[in-house]
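Summary of the model geometry
These are the residues of each chain, in order.
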Amino acid sequence: MRPTARPLAAVALGLLLLATAPSSTDLRGFTAESAKAEREWEAKFRAIPSPDSLREYMRRLSARPHHLGSPYDKANAEWILAKFKSFGLDAQIEQFDVLFPTPKERVVELVAPTRFVAKLQEPPVPGDPTSSQQVEQLPTYNAYSVDGDLTAPLVYVNYGVPADYERLERMGVSVKGAIVIARYFGSWRGIKPKVAAEHGAVGCIIYSDPKDDGYTQGDVYPQGPWRPKDGVQRGSVMDMPVHPGDPLTPGVGATRDAKRLAIGDAQTITKIPVLPISYGDAQPLLAALAGPVAPEPWRGGLGITYHVGPGPAKVHLRVKADWSVKPLYDVIARIPGSTAPDEWVIRGNHHDAWVNGAEDPISGLVPLLEEARAYGQLLKQGWRPRRTIIYAAWDGEEQGLLGSTEWVEAHADELVTKAVAYLNTDTNGRGYLFMAGSHSLESFINDVAREIEDPQTKLSVWKRRQLRAIADADSAAARQEARERANLRIGALGSGSDYTPFLQHAGIASLNLGYGGEDDGGIYHSIYDDFKWYTTFDDTSFVYGRALARTVGTAVMRLAGAEVLPYEFNGLAETVGRYVKEVEKLHTDKQDDTRERNRQIDEGVFTATADPRVTFVPPPKEDVPASLNFAPVDAALAALTRAADRYETAFAKAQANGGAALARPEAAALNAALLQTERALTSRDGLPRRPWYRHQIYAPGFYTGYGVKTLPGVREAIEQRHWKEADEQISRLAQTLAAETDAINRAAEQMDKLTP
Ligand SMILES: [Zn+2]
């Protein structure tokens, strides 16, 4: 059995027990003897990372703009390589060649009823030296927008998500042949042009409304951390929910001689042209709209009455890019494992940015460098991890996870048999530890978090997060769970960073970690995300950078050092059970809502309650969803729960009496079985209409982008009212859970062999 919470007060007691005769070990997967050594090495490790080093690395790496393909991107890759080598690690650069369009022409202008030309330019800020490096800054644009040149009436579509278009339909407003203007937030940006094109729009403008990350939130830069009037969010709009990575080489590594698609055949380039603008540029456009007044929740923070259109505002939009293939530099360092070199623990953060990128990504990359430096020191003192540790600084993340995806695709065969886990970070700030990932690692990462000190409160970061969860709980039941559950729940991963190819394509157990929540601002993907901003408003003393290095570094050491991999499946089974309940409820809610709406249409509710002076189109009647048979999933879930229990029983037996059994040679076969348990959650043919995504428990939403859809096959079929597909996906899910049950039972059998 696992111990429950082990917060700071209990640590002294734990040491006391360890000092006497230990009856069982306190580090999952370690014998008592190796746990003692592990703890000593971990303590040495955690003493090494230094805030001063973090600050100096950040100053160097963010000194100039360093987007994919730029001179300083390459210079940074070479500097990181030299750092890894100077720490004593074996390191190299792996190059790929990827399609990355950079802007040649950008025009947004209002041509009627008045004329206004958008600036599309972020001005330098006095006192912020890097903000004036205009020659090297990538202009404001959305990468992978198709080229186009058109003039059309404008329509305001709020966040531009499917529900917003339903609302427009009720208002009798069509976007066919129009240019839509959507605001950032509410979905990942790439969803906005995709949904706009599905509804017949011919162009898309995305702007940052001050209500979301500008002056409505707080003082703007440089007085405060929020987005100034001319600040623009750059970003990729590739159709990442179909597949991330190089659009020309889906499924294979983009090596120099890889077979490439023609650009016209690439599936992830947008269907319509897109450009992002500031609220300074958006204001005259929005102010020129007439037509219905925007619904209350659509109104932003500009001092205007928000109208929807279409027209009389008419906009000219022109986008043209240089569509050349550019070199990409992943920096990869290796520490070979002493006893299990063919089991890999992989840890990564990207190094490329949109501009200077002090926060995104450098604040997450510099702890990674400090971890590597600390490992170099431990190696000199005699530390030898059992497993191989791979440290990666990815390039081309911002474009659509290019560096990590191409690396995973290029090394797919090895990763299938060797990868134990992937630990990702991407930006770091002041506040609370956030943990998301594979639920087989939930218990593991909770144990790590219990041992890391929060720099501000001196509580453990686990305890501070738990107290936050109690404060945030919206019901007595949620409060009770936050107080009593042994582990804090970890989030499920959608997309938005480099874990996606590892977890959702290759089926490698993954975690995404970072600190935040007290680091708000509005400089994301702008020239103002730089050293000056970060050291004025965010983790200014780099103590959370040090906390992140300690957290992730400890987790990597523990995964690389345990005799038996510390996966745990009770939390996985319980969490999947919650997801199953959610999709069952989603289905019955859909039935109830459709019935009720059809009834109201028959009763004449919509026509009677509409204001005759306001255009209102009542919704159409829809077929009530057919019933679905979830019995196969429920049965598979029960079997999964039994297998998880069986594994824990076998584990407890092996870990009893100092856990000497864990050190038996048979543990090698057990570990080989264990690292297939996450693979078992994938399916070879992947998800409907997007076979690159193979994981059957976690995926980015087809219409949310970053936002996760758990049990995506079943959930999205129900959401999109594909009833036949929902049926098929229920049997597919039942098969996946059965495969996972088999994989866990095989591991339990191997575990039993340790205690004959
Ligand atoms: Zn990032």
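Values in this document were obtained by computation on a predicted structure and should not be read as measured data.

Each value, and the rule that gives it
Residues numbered from 1 in each chain as written. Predicted model: local features only at pLDDT ≥ 70, side-chain atom pairs only at ≥ 80, totals over all residues. Heavy atoms only, no water. Helix = DSSP H or I, 4+ residues; strand = E, 2+ residues; numbered from the N terminus. Buried < 20%, exposed > 50% of the residue type's maximum accessible area, 1.4 Å probe, protein only. Donors = N, O, S within 2.8 Å, 3.2 Å for Na, K, Ca; no water. Tetrahedral: all angles 85-135°; square planar, octahedral: opposite > 155°, others 65-115°. Pairing = 2+ DSSP bridges. Axes fitted to C-alpha atoms, helices over the stretch in contact; angles between N-to-C directions. Contact = heavy atoms within 4.5 Å. Salt bridge = Lys/Arg side-chain N within 4 Å of Asp/Glu carboxyl O. Expected span 1.5 Å × (residues − 1). Polar contact = N/O pair within 3.5 Å; in protein donor to acceptor, adjacent residues only side chain to side chain. Parallel < 35°, antiparallel > 145°, perpendicular 65-115°, else oblique. Left-handed = near helix turned anticlockwise from the far one by under 90°. Nonpolar A, V, L, I, M, F, W, Y, C, P; charged D, E, K, R; others polar.

Quick notes on unusual backbone geometry
Here the amide bond leading from Gly-311 into Pro-312 is cis, since omega sits at -5 degrees, within 30 degrees of zero. By the secondary structure assignment, Pro-312 is in the loop between helix 8 (279-287) and strand 10 (314-322). Cis rather than trans, the peptide bond between Asp-360 and Pro-361 has omega equal to 10 degrees. Tracing the backbone shows Pro-361 in helix 9 (residues 358-380). Residue Phe-185 is not a glycine yet carries a positive backbone phi of 85 degrees. Tracing the sequence through the fold places Phe-185 in the loop between strand 6 (179-183) and helix 6 (191-198). Looking at Phe-185, the relative accessible area reads 38%, which means it is partly exposed.

What about the coordination of the zinc ion?
Only His-350 (NE2), Asp-360 (OD), Asp-426 (OD) and Asp-426 (OD) from the protein coordinate the zinc ion, and they sit 2.0 to 2.6 Å from it. Relative to the metal, the 4 donor atoms surrounding the zinc ion lie at angles of 53 to 145 degrees, and the coordination shape comes out irregular. All donors of the zinc ion come from a single chain, and their spacing in sequence reads H-x9-D-x65-D. Here Asp-426 lies in the loop between strand 14 (419-424) and strand 15 (431-437) and Asp-360 lies in helix 9, a separation of 66 residues in the sequence. As far as burial versus exposure is concerned, Asp-360 and Asp-426 are alike and both buried.

Some details on the sheet that holds strand 14
The mixed open sheet is built from 7 strands, whose spatial order is 1-11-13-12-14-16-15. Each edge of the open sheet carries a strand with a single partner, namely strand 1 (90-99) and strand 15. Along the sheet, successive strands turn relative to each other by an average axial angle of 20 degrees, direction set aside. Where strand 1 meets strand 11 (residues 325-335), 10 bridges bridge the pair, whose relative direction is antiparallel. Paired with Asp-90 across the bridge in strand 11 is Arg-334. Each of strand 1, strand 11, strand 12 (340-350) and strand 13 (387-394) is contacted by helix 10 (residues 402-410), which is oriented at about 105 degrees to strand 1, the strand it contacts most.

Observations regarding the pattern of salt bridges
Taken as a whole and assessed by the stated rule, the structure comprises 53 salt bridges. Note that Asp-26 is salt-bridged to Arg-39, the shortest N-O span being 3.0 Å. Here Arg-39 lies in helix 2 (residues 32-46) and Asp-26 lies in the loop between helix 1 (8-19) and helix 2, a separation of 13 residues in the sequence. One salt bridge connects Arg-721 with Glu-622, and the closest N-O pair in it is separated by 3.6 Å. Taken together, the residues Arg-721 in the loop between helix 22 (712-719) and helix 23 (723-754) and Glu-622 in the loop between helix 19 (605-609) and helix 20 (631-655) connect sequence positions 99 residues apart. Salt bridges sharing partners connect three or more residues here, namely Asp-26, Arg-39, Glu-42, Arg-46, Glu-451 and Arg-558.

Points about helix 9
Across its 23 residues, helix 9 extends 31 Å between first and last C-alpha, which sits within 8% of the 33 Å expected from 1.5 Å per residue. Taken across its 23 residues, helix 9 has 21 buried, putting it largely inside the fold. Two residues or fewer past helix 9, Gly-382 is found with a positive phi of approximately 110 degrees.

A short note on the side chain of Gln-504
With respect to the helices, strands and loops of the structure, Gln-504 is situated in helix 15 (residues 499-505). According to the relative accessible area criterion, Gln-504 is buried, its value standing at 0%. A distance of 3.1 Å separates a polar side-chain atom of Gln-504 from the backbone oxygen of Leu-493. Residues within four places of Gln-504 in sequence aside, it is in contact with Leu-493, Gly-494, Tyr-499, Trp-692, Tyr-693, Arg-694, His-695, Tyr-698, Ala-699 and Pro-700.

Examining the environment of Glu-481
Position of Glu-481 relative to the elements: it lies in helix 14 (residues 476-484). By relative accessible area, which is 32% here, Glu-481 ends up partly exposed. Measuring from C-alpha to C-alpha, the distance between Glu-481 and Gly-311 comes to 52 Å, with 170 residues separating the pair along the chain. Ignoring any residue separated from it by four or fewer positions in sequence, one finds Glu-481 in contact with Arg-489 and Arg-578.

Topic: the packing of helix 18 (residues 570-603) against helix 22
At a minimum axis distance of 10 Å, the contact between helix 18 and helix 22 shows a crossing angle of 10 degrees. Taken as axis vectors, helix 18 and helix 22 run roughly parallel relative to one another. The interaxial crossing formed by helix 18 with helix 22 has left-handed handedness. Between helix 18 and helix 22, the contacting residues are Tyr-579, Glu-582, Val-583, Leu-586, His-587 and Lys-590 on the first element and Val-714, Arg-715, Ile-718 and Glu-719 on the second. For the contact of helix 18 with helix 22, the per-class residue count stands at 5 nonpolar, 1 polar and 4 charged.

Overview of the sheet that holds strand 3 (residues 116-117)
The 7 strands lie next to each other as 3-2-10-5-6-7-9, forming an open sheet whose pairing is mixed. Each of the sheet's edge strands pairs with one partner strand only, and the pair in question is strand 3 and strand 9 (274-277). In this structure, strand 2 (residues 102-112) lies alongside strand 3, joined through 2 bridges in antiparallel fashion. Residue pairing across strands places Glu-109 opposite Val-117, the latter belonging to strand 3.

Digging into the pairing of strand 5 (residues 148-156)
In this structure, strand 5 lies alongside strand 10, joined through 6 bridges in antiparallel fashion. Paired with Ala-152 across the strands is Val-315, a residue of strand 10. Note that strand 5 and strand 6 share 3 bridges and pair parallel. The partner of Val-155 across the bridge, within strand 6, is Val-180.

By themselves, these figures tell us nothing about what the structure is for.
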